[in-house]
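Observations on chain architecture
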Amino acid sequence: MKKFSFLVLLLGICFMANAYAFTASAEPLTLKVYNWQDYIDDGLDDDGNQISTPVIDLWVEDYKARTGITVEVVYDTFETNETMLNTLKTGKSDYDLVCPSDYAIQKMIKEDMLEKFDTTKLPIYNKYGSPYLKELFEQNNWTEYSVPYMWGTVGLLYDPEVYTEELVSSWDIMWNPEYRNLATTKDSVRDTYFVGVMHVYQEELNDLRAKYQNNEITGDEYNKQVHIIMNRTDEETLRLVEADLKIMKENIFGLEVDSGKSDMVTGKISMNLAWSGDAVYSMDLAEEEDDKVLSYSVPLEGSNVWYDGWVMPKGANVSLATDFVDFLSKPEIAVLNMNKIGYTSAVAGDAILEMISDWYGPESSETAVEVDLTYFFGDTVETNEDGKVIIEIDEWYIGRQFSAQYPDYETIMRCGVMEDFGDQNQAVLEMWANFKSNELTPLTWATVIVIVLLTAVWLVHSSIKQRNRRLHIRH
């Protein structure tokens, strides 16, 4: 009996020890996230009023319901990939999750800055991630290190009252003197450089497209060649592109970082090199505020398909970070983020398809256009008898918001992924510095003229004031 009592006491002690250990382990955890500004649903309306639960809080609630553990999220933002990389390289930060762009992810992989994802711990992403983006990541060996978040293309946002569809179907329009001082391009070596490459090798790219259309090469071969050309950084290409961009600079209004999307709405410019998400923002805002129509085009020579993806820096809480990324892969959560930020999620599924129908569905049968989205949705939704995903869109949105968010397969075939400049990074930066310092753009000239005029007025005013003062002293 005494032995039994002793065993009961021992079991009780073990139970209490385990309970204490569980309680200790159940103390609040911290997830540190580093993301682009305005790149997740924060539950705020346009006036800053809280109207719904932020996505981060939804995950915190979901995680506690599943595990019983409370998580605190430290959420910081950055403005450029370079800022993000510099922050991480200082060693003063210890983020668990970061959301860089494609070329920055490549750089981080090369420099062994990242932890690997255990893809078996991403069941939601495995089920609902777009087959197209999954394949893109697998082809480039990024699957182990990154999970796609948002994606899109780079194209021309334009005023259809100024430009025809034919004019904006080629990068030539940026060099066309008949439309001088009407367009802006990005003050970004990566985005503007590839436009120069596409223009320099225009003939080669057009020949490739013709071969693809004539079934002389496959879609994969065509896309691969466009990708190779777009990422050329040899000395000859740098020389040609620098000379070509200098000509273009004389023809455009100027360079911009983030003002292009609003300048298009106000009519300050009539064409802008734009990321698809910004293009959607501008098109929506122009309609809402000014009842103005803007359109979007990806030139036929080819362009860039970009993506931002989640990565885990060395030393990250892999388990917690992976759980958060998988939660973001829920289609209903992706809808919240898309509704807020206007960019296109890498997630597919029925909820996304329903959202597209709500946003872009036809007002009547007369305006309905059938669109094939099989490449993006694949088996994440129910397909028709031919194994395809066909949806009806109002023709009003073709060449506009819908096409910016979900380009057709032919457009995707002529878009390449931007690579890190690698060993040529310094040479490209020197080319860009030469391009920017060559001559003043019209925008810079205008600024200089204003400064000169103000200085002249001030000098004249000072001269008169001194003269009057001397006269006063004499009298």
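What counts and how
- Residues numbered from 1 in each chain as written.
- Predicted model: local features only at pLDDT ≥ 70, side-chain atom pairs only at ≥ 80, totals over all residues.
- Heavy atoms only, no water.
- Helix = DSSP H or I, 4+ residues; strand = E, 2+ residues; numbered from the N terminus.
- Buried < 20%, exposed > 50% of the residue type's maximum accessible area, 1.4 Å probe, protein only.
- Areas by Shrake-Rupley, 256 points an atom, 1.4 Å probe, with all protein chains shown as cover.
- Phe/Tyr/Trp six-rings, centres within 6.5 Å; stacked < 30°, edge-to-face > 60°.
- Lys NZ or Arg CZ within 6 Å of the ring centre and 35° of its normal.
- Lys, Arg positive; Asp, Glu negative; His and termini not counted.
- Salt bridge = Lys/Arg side-chain N within 4 Å of Asp/Glu carboxyl O.
- Polar contact = N/O pair within 3.5 Å; in protein donor to acceptor, adjacent residues only side chain to side chain.
- Contact = heavy atoms within 4.5 Å.
- Core = buried A, V, L, I, M, F, W, Y, C linked by side-chain atoms within 4.5 Å.
- Pairing = 2+ DSSP bridges.
- Axes fitted to C-alpha atoms, helices over the stretch in contact; angles between N-to-C directions.
- Parallel < 35°, antiparallel > 145°, perpendicular 65-115°, else oblique.
- Nonpolar A, V, L, I, M, F, W, Y, C, P; charged D, E, K, R; others polar.
- pLDDT = per-residue confidence, 0-100.

Here we come to the overall build of the protein chain. Helix and strand counts for the protein chain come out as 20 helices and 15 strands. Residue burial in the protein chain is summarised as follows: out of 475 residues, 47% are buried. Carbon and sulfur atoms provide 52% of the accessible area of the protein chain, an area that totals close to 24200 Å².

A ring pair, where both rings are aromatic, is described by two values, the distance of the centres and the angle of the planes. A full pass over the atoms with the stated rule returns 30 aromatic pairs. For the ring pair Y34 and Y95, a centre distance of 4.4 Å and an interplane angle of 5 degrees mean the geometry is stacked. In this pair, Y34 sits in strand β1 (residues 29-36) while Y95 sits in the loop between α3 (81-89) and β3 (97-98), placing the two residues 61 residues apart along the sequence. Assigned by exposure class, Y34 and Y95 land together as buried. Seen in terms of ring centroids, W142 and Y307 are 5.4 Å apart; in terms of plane orientation they differ by 40 degrees. Their pairing is tilted. With W142 in the loop between α6 (131-139) and β5 (147-158) and Y307 in strand β10 (residues 303-310), this pair connects stretches of sequence that are 165 residues apart. Of the two residues, W142 and Y307, neither departs from the other in class, the shared state being buried. Of note, K261 hangs over the ring of Y281, and the distance from its end group to the ring centre comes to 5.0 Å.

So, on to the side chain of D191. In this fold, D191 is placed in helix α7 (residues 189-200). The charged side chain of D191 is buried without a salt bridge, its nearest counter-charge being K186 at 7.2 Å. Within the local environment of D191, its side chain forms a polar contact with the side chain of S188, the two groups lying 3.0 Å apart. Polar side-chain contacts of D191 include one of 3.3 Å to the side chain of W275. If near-sequence neighbours (up to four positions away) are discounted, D191 is found in contact with V154, K186, L273, W275 and M418.

This paragraph deals with the nonpolar core. Note on soluble globular proteins: their nonpolar side chains tend to be buried together. In this structure, I356 and F377 are the most contacted members of the largest nonpolar core, which totals 138 residues. Considering every element that reaches this core, the biggest residue donor is β5, with eight residues. If we skip the residues at most four places from it in the chain, F377 touches P131, A348, G349, I352, L353, I356 and V389.

Let's shift gears to the pattern of salt bridges. Opposite charge on two side chains makes pairing possible when the charged atoms of those side chains draw close. With the rule as written, the count across this model stands at 20 salt bridges. With a closest N to O distance of 2.7 Å, E236 and R239 form a salt bridge. Of the two residues, E236 and R239 are both situated in helix α10 (residues 235-251); the distance of three residues between them amounts to about one turn of the helix. The exposure class assigned to E236 is partly exposed, which follows from its relative accessible area of 40%.

In this section: the pairing of strand β6 (residues 183-186). Pairing analysis gives two bridges linking β6 to strand β8 (residues 271-275), with the strands arranged parallel. Considered in β8, the bridge of T184 is made with N272. In this sheet, strand β7 (residues 254-256) lies alongside β6 in parallel orientation, the contact comprising three bridges. Within β7, the position partnered with T185 by the bridge is L255.

Before going further, it helps to examine the packing of α7 against helix α19 (residues 425-437). α19 packs onto α7 with a crossing angle of 80 degrees between their chain directions and a minimal axis gap of 11 Å. Here α7 is positioned roughly perpendicular relative to α19, judged by the angle of their axes. Listed contacts from α19 to V189, R190, T192 and Y193 of α7 are N425, V428, L429, M431 and W432. Of the residues in the contact of α7 with α19, the class split is six nonpolar, two polar and one charged.

Our next topic: the confidence of the model for the protein chain. Mean pLDDT over the protein chain stands at 89; residues scoring 70 or higher make up 86%. Contacts from residues 1-11, a stretch scored under 50 in pLDDT, to residues over four places away or in other chains number zero contacts. Predicted confidence is poor over residues 13-17, with pLDDT under 50, and the contacts of this stretch with residues over four places away or in other chains come to zero contacts.

Relative to the helices and strands, K436 resides in helix α19. The class of K436 is partly exposed, set by a relative accessible area of 39%. On a C-alpha basis, the gap between K436 and K246 in space is 8.2 Å, while along the polypeptide they are 190 residues apart. If we skip the residues at most four places from it in the chain, K436 touches D187, K249 and L255.

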